[in-house]
Amino acid sequence: MADQDDKDLDTNQKSLPFLDGQTRNGPYIHKIGVPPKPDLLKEFKTTVKETFFPDDPLRSFKDQPRSRKFILSAQAIFPILEWGRSYNITKFRGDLIAGLTIASLCIPQDIGYSKLANLKPQYGLYSSFVPPLIYAFMGSSRDIAIGPVAVVSLLLGTLVRSEFNPDTEPDEYLRLIFTATFFAGVTQATLGVLRLGFLIDFLSHAAVVGFMGGAAITIALQQLKGFLGISTKHFTKETDVISVMKSIFKSAHHGWNWQTIVIGTSFLAFLLVAKYIGKKNKKLFWVPAIAPLISVILSTFFVYITHANHEGVAIVGKIDKRINPPSLDKIYFSGDNLLKGFRIGIEAGMIALTEAVAIGRTFASMKDYQVDGNKEMVALGTMNVVGSMTSCYVATGSFSRSAVNYMAGCQTAVSNIVMSIVVLLTVKFLTPLFKYTPNAILSSIIISAVIGLVDIDAAILIWKIDKFDFVACLGAFLGVVFKSVETGLLIAVAISFAKILLQVTRPRTAILGKIPMTSVYRNIGQYPEANKIPGVLIVRVDSAIYFSNSNYIKERILRWLTEEEENLKATYQPRIQFLIVELSPVTDIDTSGIHAFEELYRSLQKRDVQLVLANPGQQVLDKLYASGFPDLIGENKIFLTVADAVHTCSPKLDHEV
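Quick look at the structure, then. (Residues numbered from 1 in each chain as written. Predicted model: local features only at pLDDT ≥ 70, side-chain atom pairs only at ≥ 80, totals over all residues. Heavy atoms only, no water.)

## Focus: the packing of aromatic side chains
Summed over all chains, the structure comprises eleven aromatic pairs. On the basis of an interplanar angle of 85 degrees and a centroid distance of 5.5 Å, the ring pair of Phe 182 and Phe 333 is categorised as edge-to-face. Residue Phe 182 is found in helix H9 (residues 170-193), and its partner Phe 333 is found in the loop between helix H14 (286-306) and helix H15 (336-367); the two are separated by 151 residues along the sequence. Among the residues examined, Phe 182 registers a relative accessible area of 13% and is labelled buried. Each ring, one from Tyr 304 and one from Tyr 436, has its centre 5.2 Å from the other, and the planes form 65 degrees; the classification is edge-to-face. (Phe/Tyr/Trp six-rings, centres within 6.5 Å; stacked < 30°, edge-to-face > 60°. Helix = DSSP H or I, 4+ residues; strand = E, 2+ residues; numbered from the N terminus. Buried < 20%, exposed > 50% of the residue type's maximum accessible area, 1.4 Å probe, protein only.)

## Thoughts on the layout of surface pockets
A water-sized probe rolled over the atoms picks out the places where empty space is left. Reported here for the largest pocket is a volume of approximately 1800 Å³. Secondary-structure elements contributing two or more residues to the lining of the largest pocket are helix H5 (89-116), helix H8 (150-161), helix H10 (205-222), helix H13 (258-280), H14, H15, helix H17 (399-407) and helix H19 (439-450). The element that contributes the greatest number of residues to the lining of the largest pocket is H15, accounting for nine residues. Looking at the lining of the largest pocket residue by residue, the class counts come to 33 nonpolar, ten polar and seven charged. What the second largest pocket holds in volume is close to 1200 Å³. If you trace the second largest pocket, you find 36 residues lining it, with Gln 75, Ala 76, Glu 82, Asp 372 and Lys 375 closest to the centre. By residue number, the principal contributor to the lining of the second largest pocket is helix H3 (residues 66-77), which donates five residues. Here the residues of the lining of the second largest pocket sort into 15 nonpolar, twelve polar and nine charged. (1 Å grid on protein atoms, 1.4 Å probe; cavity = no way out; pocket = protein on both sides within 12 Å on 5 of 7 lines; lining within 4 Å. Points joined across faces, edges and corners; volume = space filled by probe spheres on them. Nonpolar A, V, L, I, M, F, W, Y, C, P; charged D, E, K, R; others polar.)

Nothing here speaks to function; it is all geometry.
This is how it looks when you write it as structure tokens:
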């Protein structure tokens, strides 16, 4: 009957029922049509488009005059030209308030973060002036606040310090910082231009949670030097928790300063209370935002009037009043230091990019607008390249500042421009006021800021959802805390790739059974009430079939068959006559996969079992026909559904079940 049906099949149609609407035994049997011969060039274009241009960025250029195309091109590079046309005083009012609010938060943070990078305070302020201005013109996020961040500052400081000592080789250290910043920007912009932004998705959410949590602990431990008043010569250069704790306890008898501890403890308590108030009452978001600046003003005034700096309280000291001096001549463009800067820049750039894109997408979803990931990469890369030439180090999106920016009512990226202007005025006119700011207050500000990076709730949720994800999270966390930031990053990447390889090379398979009173076939492990069809074994493959997993899939199917035959033999039931492979989840197959099916077919022949395929997708079917596999097993052994395959292979037993 199947052979006769094949003759009636119109090969130009995708599917066709029997001419009389049903088979001689009852239900419809829909046949899989022979696919048309694929157009190689068209298929290649489709693949390239879906890989690199899934958002179809050129669709707005279609059927447009040349002048309009020029305008659209300018708007694509500088989004401010698009949304700027509808800008008004109402939006500016919101951006002004938000910009002033995040400026009050960023100024003390920048001074503190520059110390994490082993730089003078002015470099942190420089990095909140030029990069935010560039981003405001080129970025697509309305809410992200640009500037130095704790994790990247620590990472950059740790990696560069392993090459040059900032105390004995300050010039070489600073030059390598600028070189790394330059290549961080080049890396980010290149990923955006080549539309390779999907590469950052290889660092899983779980790994990022663990890495950020570990980095937060490491940063907080590093701040104990300023918090306890320990001098640099008595404090370790390592970042792991064991070395830091040894250094702290060794210096307990001669290195701690009680005045510093009092200042640090009291203001840390104040900052934590302010953060708690803002968390409990969203309308009071400005309290934790302005608390760091208040802390700096009060502590600076206290040290100035009491002369506590003469009692061992370390202070910031003089800050250079110059506005972003040029630094292009300080970037290494040759020699060994070029390669060092390139390596460090890639690492710092990828972490900065991951954080910024995640922040941008988070707030965009909250306000229901789209963020173009590739535009973001180009904007971030450009601002860091320009920043490296104007005495800035790697800047990115700050979650704490972006959250304040959002809650303060920002409307557009103009809030970044307002913040930049305030920072500029601070550098030019107000830096002398920070001379007596105690280092302890900067440590307190950083500790209070990084506490939020330890996301315990996210870690618990990861444990509940996926244990392997939790291993990635824990591995990244422990790597950062007990070894170094770089080691934790490598562990995070390695475990993320290991998970991908494991899922690709060891895909899931399942035995299917028929749900009672339906024609639906589902996993018997998920639905225990599903009935197996006597004489038929139905196996579903839940993955694309490639060279990396084809042999495993073949062996796993044969193992399912062997186990089932042993069970049937032990209970004196009819043997397996048909093996149906459900291919609905199989999105693609390569040459190795087809060879594996050919080997499976030959193995089944020796066992007197017939191979049947159910519901292969178009791409899979194209390749099967191109290889001649349907001729090998018979075109009448490929069906649209599992139910059709079972009905044809075992109609009587199927009806009885």
